[in-house]
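Below, each chain spelled out in residue letters.
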Amino acid sequence: MDVARHEPVIQVRDLVVAFDDRVVLDGLSLDVDRGETLGVVGASGAGKSVLLRTLLGLIPKSGGSVRVLGIDLREASVRERHSVGRRCGTLFQQGALFSSLSVVENVQFPMREYLHLSDRLRREVAMAKIEMVGLDPNDASKYPAQLSGGMNKRAALARALALDPEILFLDEPTSDLDNIAADEFDNLIRTLRRTLGLTVFMVTHDLASVGRVCDRVAAIADKLIVFTGPLAAVVQAQHPWVKAYFGGERARAALAIGAR
Amino acid sequence: MAASTSVTSPSDPLLSWTTHGDQLSAVASGVWTCANGDRLERLTDSLDRQPASTVTLDISGVEALDTFGAWLIERAVRQAKSRKQTAQLAAVPDRYHDLLAALDRTNRRAAAAPAAGGPLAAWLAALGASVSAIGDDLVAMVAMFGALTFAQLDRFTKRPQLARARDTVHHFERVSWQAIPIILLITFVVGAIIAQQGLFYFRKFGAQDYVVNLVGVLVLRELAVLIVAIMVAGRSGSAFTAELGSMKMREEIDALRTMGLDPIDVLALPRVVALVFGLPILTFLGGLAALFGGALIAWLDGGMSPATFIARLQDAVSLSDFEVGIIKAPCMALVIGAVACTEGLRVEGSAVSLGIQTTASVVKSIFLVIVLDGLFAIFFSAIGM
């Protein structure tokens, strides 16, 4: 909590990520301020997920610096990693629920690891989170293999939110959800943001979701960020890929819905 | 009238209250977040024990609120209401409105209660389930044999060829060729141990020449095939189960089915056929290595020259001893392969399930191999082999 208010919670400078001789990100810089919701868009294979995984310290970087809450997770000590891990929640694309634990046990898992709570309070808050993401209480005792794709994602979100994180990383959060569920999901993110001062870093393809949730958009193309700014300013962007992406028919329809 | 506070540092969570007759006014302040969860729960629970008909909770002084703090506030209000008290929140800051409203909607419906019954009932239920699981296992085994047979017959009638020759050869290399060094080593050591033990005891009767009979009959009839089968069950059976299991988890089996292909034919049959051909070969090689180990010890420890050993061996064992051993090998291979594939296809979605089925595969196939060996012993003695 003592990270300076003015300093961005996520700070990326001149990031280079390469796998063997294939450079995926080259000189990428990006800041995310506390309390803001940033949507990262880009073509498939442009490096959105690579950026996310580099931020989380899962992929080594070849150059530049990455700081999440002031710490580079890749070079952090175990202690620092612990303290940052507690303040970040991540929703992976496939959910990544622990398959041997039931939904409610999955949500309780980070609470058990990090907090000293009574069993009753832990169970009640876990159930509250499960209901807040739109799952039925009866689903809580089910195992991930028994859930549908959308339910899996909601359960994974409940786990990501288990500790009321400061930063929420979302990797394609609405990709498996139907329209109604995606709307609910967007509302949920907005609510949580407002009440918890959540910072959201969202990698997505869903432009309607970007329009409804995000304060700012960052577009990745040519291995770096070619546009950042509020969605309203995107029409003035000069980069050809950004123009093509946001100028397309689907995109305009989605943004019109999102703006409503 | 009454007041309660617990002061430690400014950002600690606080809950103080005053009672005026029937009215209880509580004021919350400080940081109401998960880090203080334990203390917060004690505070809100202590509020619970206050006698009053109206409870008002002022949360305007709360510096930070997260789901944990908000839930405790919500819970305190609910508990007060459940005791027929009038409970309400006062001076709720705007930024907390949505979170409290969201929590107000949760934990309303209880999840369906688990089936009633005490620990005894649960134990009996588990016992019953495991007994019926034995029956299911038998049915599944027989079904797998049937499916394998039909898949193989199908191959023979449509295109007379060995099932998927390329796959079969690939698996044959894995289960047989690559297993040869470890099989030779183990059977060699076992043969040597039997010879050493035999010499030790036969010497007391001056009957040390009979160590050749001991090693020859034991190895050829029983030990070579048994040790090879147990090794293969642990080495290849577990691998088959894990392979098929993870393919099931990743929906590869379903993908095969939607293509109109039978997973038994595509995946199980080549593996089982490879085992059926591989196990007799391994048994033969294992028997040779065990006899070699025995001869070596008889020479070094018992002073029996290799030529004498071979000459005595020719007297001691007949072809039928060798046949008894080698006939068992393909049958054991069939059991190991069928169990491994059955268990692999039983894997459910979770990583734990994969572990359980792999363990079950190895344990069951070793058990069945030994039971089968016993049945063969009865059979061969009945027909006088």
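Above this text you will find the structure in question.
Rules of the game
Residues numbered from 1 in each chain as written. Chains lettered and ligands numbered in written order. Predicted model: local features only at pLDDT ≥ 70, side-chain atom pairs only at ≥ 80, totals over all residues. Helix = DSSP H or I, 4+ residues; strand = E, 2+ residues; numbered from the N terminus. Rg over C-alpha atoms; globule rule 2.2 N^0.38 Å. Buried ≥ 20, exposed ≤ 12 C-beta atoms within 10 Å, placed from the backbone. Contact = placed C-beta atoms within 7 Å. Core = buried A, V, L, I, M, F, W, Y, C linked by C-beta atoms within 7 Å. Arc of directions from axis to C-beta. Nonpolar A, V, L, I, M, F, W, Y, C, P; charged D, E, K, R; others polar. Expected span 1.5 Å × (residues − 1). Right-handed = clockwise from strand over helix to strand, strands pointing away.

A.B. asks: Just checking my understanding: could you explain the overall build of chain B for this structure?
C.D. replies: The secondary structure content of chain B amounts to twelve helices and four strands. On C-alpha atoms alone, chain B measures out to a radius of gyration of 36 Å, which is more than a quarter above the 21 Å that the 2.2 N^0.38 rule sets for 385 residues. Considering chain B as a whole, with its 385 residues, one finds that 38% of them fall into the buried category. Taking contacts inside chain B between residues at least 6 apart in sequence as the whole, the part at least 24 apart equals 81%.

A.B. asks: Sorry if this is basic, but what is going on with the nonpolar core here?
C.D. replies: The nonpolar side chains of a soluble globular protein tend to be buried, and buried together. In this structure, Ile130, Phe169 and Ala219 of chain A together with Leu57 of chain B are the most contacted members of the largest nonpolar core, which totals 114 residues. With eight residues, the top contributor of residues to this core is helix 2 (residues 67-82) of chain B. Among the nonpolar cores identified, the runner-up in size contains 60 residues, and Ile194, Ala195, Val276 and Cys341 of chain B belong to it.

A.B. asks: Sorry, what's going on with helix 5 (residues 165-175) of chain B here?
C.D. replies: All names here are of chain B. Listing the buried residues of helix 5 in full gives His171, Phe172 and Val175. Down the axis of helix 5, the sector holding all buried residues measures 110°, keeping them to one side. Contacts made by the buried residues of helix 5 are with helix 7 (211-249) and helix 9 (263-300).

A.B. asks: Explain the interface of chain B and chain A to me, please; I cannot follow it from the model alone.
C.D. replies: Many structure descriptions define interface size as the accessible area lost when the parts assemble. Contacts between the two partners involve 28 residues from chain B, matched on the other side by 27 residues from chain A. Mapped onto the side of chain B that touches chain A, the elements with two or more residues apiece are helix 1 (37-48), helix 2, helix 3 (94-104) and helix 12 (351-382) of chain B. Taken together, the residues of the side of chain B that touches chain A break down into twelve nonpolar, seven polar and nine charged.

A.B. asks: What's the story with helix 4 (residues 119-132) of chain A in this structure? I'm lost.
C.D. replies: Count 3.6 residues to each turn of an α-helix, and residues three or four apart come out pointing the same way. Residues and elements named next belong to chain A. The terminal C-alpha atoms of helix 4, which comprises 14 residues, lie 20 Å apart, in line with the 20 Å expected from a rise of 1.5 Å per residue. Taking burial as the measure, the 14 residues of helix 4 include eleven buried ones, the bulk of the element. Of the residues flanking the end of helix 4, it is Gly134, one or two places downstream, whose phi is positive at about 90°.

A.B. asks: Help me out: how do you make sense of the pairing of strand 6 (residues 167-171) of chain A in this one?
C.D. replies: Within a regular strand, side chains alternate between the sheet's two faces. Residue and element names in this part refer to chain A. Where burial is concerned, most of strand 6 is hidden: five out of the five residues are buried. The alternating pattern of strand 6 places Ile167, Phe169 and Asp171 and Leu168 and Leu170 on opposite faces, both of which are buried. Each parallel crossover has a hand, and the one from strand 6 via helix 6 (residues 179-196) to strand 7 (residues 199-203) is right-handed.

A.B. asks: Looking at this structure, how should I read the environment of Ser65 of chain A?
C.D. replies: Residues and elements named next belong to chain A. Relative to the helices and strands, Ser65 is located in strand 4 (residues 63-68). Separated by 52 residues in sequence, Ser65 and Leu117 place their C-alpha atoms 37 Å apart. Beyond its immediate chain neighbours, meaning those up to four positions away, Ser65 contacts Arg13 and Asp72.

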